[in-house]
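What the coordinates show
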Amino acid sequence: MTRSAPALAARSWLFAPGDSEKKMNKARDGEADIVLLDLEDAVAEGAKADARALVADFLADNAAQAERLWVRVNPLDGPHTLDDLVAIMPGRPGGIMLPKVNGRADVERFDAYLTAFEAANGIERGSTPVVVLITETAEAMFHTGDYKGAPRLVGLTWGAEDLADSVGAASNTEPDGSYSFTFELARSMTLLGAAAAGLPAIETIHGDFRDLDGLKARAEKVRRGGFSGMLAIHPAQVSVINAAFSPSEEEIAEAREIVELFAANPDAGAIGWKGGMLDRPHLSRAQRLLQRAERD
């Protein structure tokens, strides 16, 4: 897929309501790696048609930034997905986010839709990348490991609010604000599913956009755990997310030292270093960090 590289390197994915030209402009002019023009949750049912037209015009007017302008369409189990694609595909969005995916079959069905719309609009077939939300229904939780080799996918992400609704939970958090077990499980299954599929895992939103300290702590925590980026709902969150998911100079220097150490000892399975031992998984992590630093 020729247009997937920016998505693979993306740290911040900022939602902008598709019914607000002002908010879409603000998101476009900010620092987000990917801007997600939202036709789903941010748009009321009665405003869907107007939002489609607004997003279509926005894509046409901002073709120079097409690779970072994505669209979250409405889910396949509703009446809006095809209408969304009719409106937005002539504008050649950088990619699509598909919500409420129940499993691989939904991805394959969506791939067929996109192929038809690409052909109709003179777009290279298979070139529109897709990120999917894979934990928003109870059914979806049983299929988080099914996405290896699925067409078009460049990342997996998760959501806690719709999952709470799906399972009938009154809340998805504990009194201290942390996610309760089922929702921590959803996060973990997204991470494991992404790893199994060889795709980046993208953390869900931090709902309190004023809580930048909490956002920083959470973003740094999930990055240490294996996530490569995070969804945002407000422009103020973007710089915090970008910093959290960018390797520090200290981390880069340490990774280079590890790579150089193994290069100097190519036959070693384990090497003593700073009072401990390094083995091949340490080398692999160091190499990935350096690759990420080069992309950033």
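Let me begin by describing the structure that accompanies this report. (Residues numbered from 1 in each chain as written. Predicted model: local features only at pLDDT ≥ 70, side-chain atom pairs only at ≥ 80, totals over all residues. Heavy atoms only, no water.)

Here we look at the environment of asparagine 242
- With respect to the element layout, asparagine 242 can be found in helix H10 (residues 238-244).
- Along the backbone, asparagine 242 and aspartate 211 are 31 residues apart, and their C-alpha atoms lie at a distance of 16 Å.
- Ignoring sequence-local partners within four residues, the contact set of asparagine 242 consists of Arg11, Ser12, Glu31 and Asp33. (Helix = DSSP H or I, 4+ residues; strand = E, 2+ residues; numbered from the N terminus. Contact = heavy atoms within 4.5 Å.)

Side note on unusual backbone geometry
- Backbone geometry places arginine 92, a non-glycine residue, at a positive phi of 50°.
- Relative to the helices and strands, arginine 92 is located in the loop between helix H4 (81-88) and strand E4 (95-98).
- The residue lysine 100 is not glycine, and still its phi comes out positive at about 50°.
- Along the polypeptide, lysine 100 turns up in the loop between E4 and helix H5 (104-120).
- By relative accessible area, which is 16% here, lysine 100 ends up buried. (Buried < 20%, exposed > 50% of the residue type's maximum accessible area, 1.4 Å probe, protein only.)

Notes on the side chain of arginine 68
- Mapped onto the elements of the fold, arginine 68 is located in the loop between helix H3 (48-61) and strand E3 (69-72).
- The buried charged residue arginine 68 lacks any salt bridge partner; its closest oppositely charged side chain belongs to aspartate 29, at an N-O distance of 6.6 Å.
- A polar atom in the side chain of arginine 68 sits 2.7 Å from the backbone oxygen of arginine 28.
- Polar side-chain contacts of arginine 68 include one of 2.5 Å to the side chain of glutamine 65.
- Look past the residues within four positions of arginine 68 in its chain and what remains in contact with it is Ala27, Arg28, Gly30, Glu31, Ala32, Asp33, Ile34 and Val35. (Lys, Arg positive; Asp, Glu negative; His and termini not counted. Salt bridge = Lys/Arg side-chain N within 4 Å of Asp/Glu carboxyl O. Polar contact = N/O pair within 3.5 Å; in protein donor to acceptor, adjacent residues only side chain to side chain.)

A look at the sheet that holds strand E8 (residues 229-232)
- Spatially, eight strands are ordered E1-E2-E3-E4-E5-E6-E7-E8 in a closed barrel, and the strand pairing comes out parallel. Sheet twist, expressed as the average angle between the axes of neighbouring strands with direction ignored, equals 30°.
- By the bridge criterion, two bridges tie strand E6 (residues 153-157) to strand E7 (residues 201-203) in an arrangement that is parallel. Looking across to E7, one finds that threonine 157 is bridged to isoleucine 202.
- Here H3 sits on the sheet in contact with strand E2 (34-38) and E3, set at roughly 165° to E3. (Pairing = 2+ DSSP bridges. Axes fitted to C-alpha atoms, helices over the stretch in contact; angles between N-to-C directions.)

Things to note about the packing of aromatic side chains
- Per the counting criterion, the structure on display carries two aromatic pairs.
- Judged by centre distance (5.2 Å) and plane angle (85°), the ring pair of tryptophan 13 and tryptophan 70 falls under edge-to-face. Placement of tryptophan 13 in strand E1 (residues 12-17) and of tryptophan 70 in strand E3 is noted, with a sequence separation of 57 residues between them. Each member of the pair tryptophan 13 and tryptophan 70 is classed as buried.
- On the basis of an interplanar angle of 65° and a centroid distance of 5.3 Å, the ring pair of tryptophan 158 and tyrosine 179 is categorised as edge-to-face. With tryptophan 158 in the loop between E6 and helix H7 (161-167) and tyrosine 179 in the loop between H7 and helix H8 (181-197), this pair connects stretches of sequence that are 21 residues apart. (Phe/Tyr/Trp six-rings, centres within 6.5 Å; stacked < 30°, edge-to-face > 60°.)

Describing the pattern of salt bridges
- Under the definition given, this model contains 16 salt bridges.
- A salt bridge links arginine 104 to glutamate 108; the shortest N-O distance between them is 2.9 Å. Taken together, the residues span about one helical turn, with arginine 104 and glutamate 108 both in helix H5 at a distance of four residues.
- Arginine 187 is paired through a salt bridge with glutamate 184; the nearest N and O atoms lie 3.0 Å apart. Residue arginine 187 and its partner glutamate 184 are both found in helix H8; the two are separated by three residues, about one turn of the helix.
- The exposure class assigned to arginine 187 is buried, which follows from its relative accessible area of 8%.
- Using a relative accessible area of 25% as the deciding quantity, one classes glutamate 184 as partly exposed.

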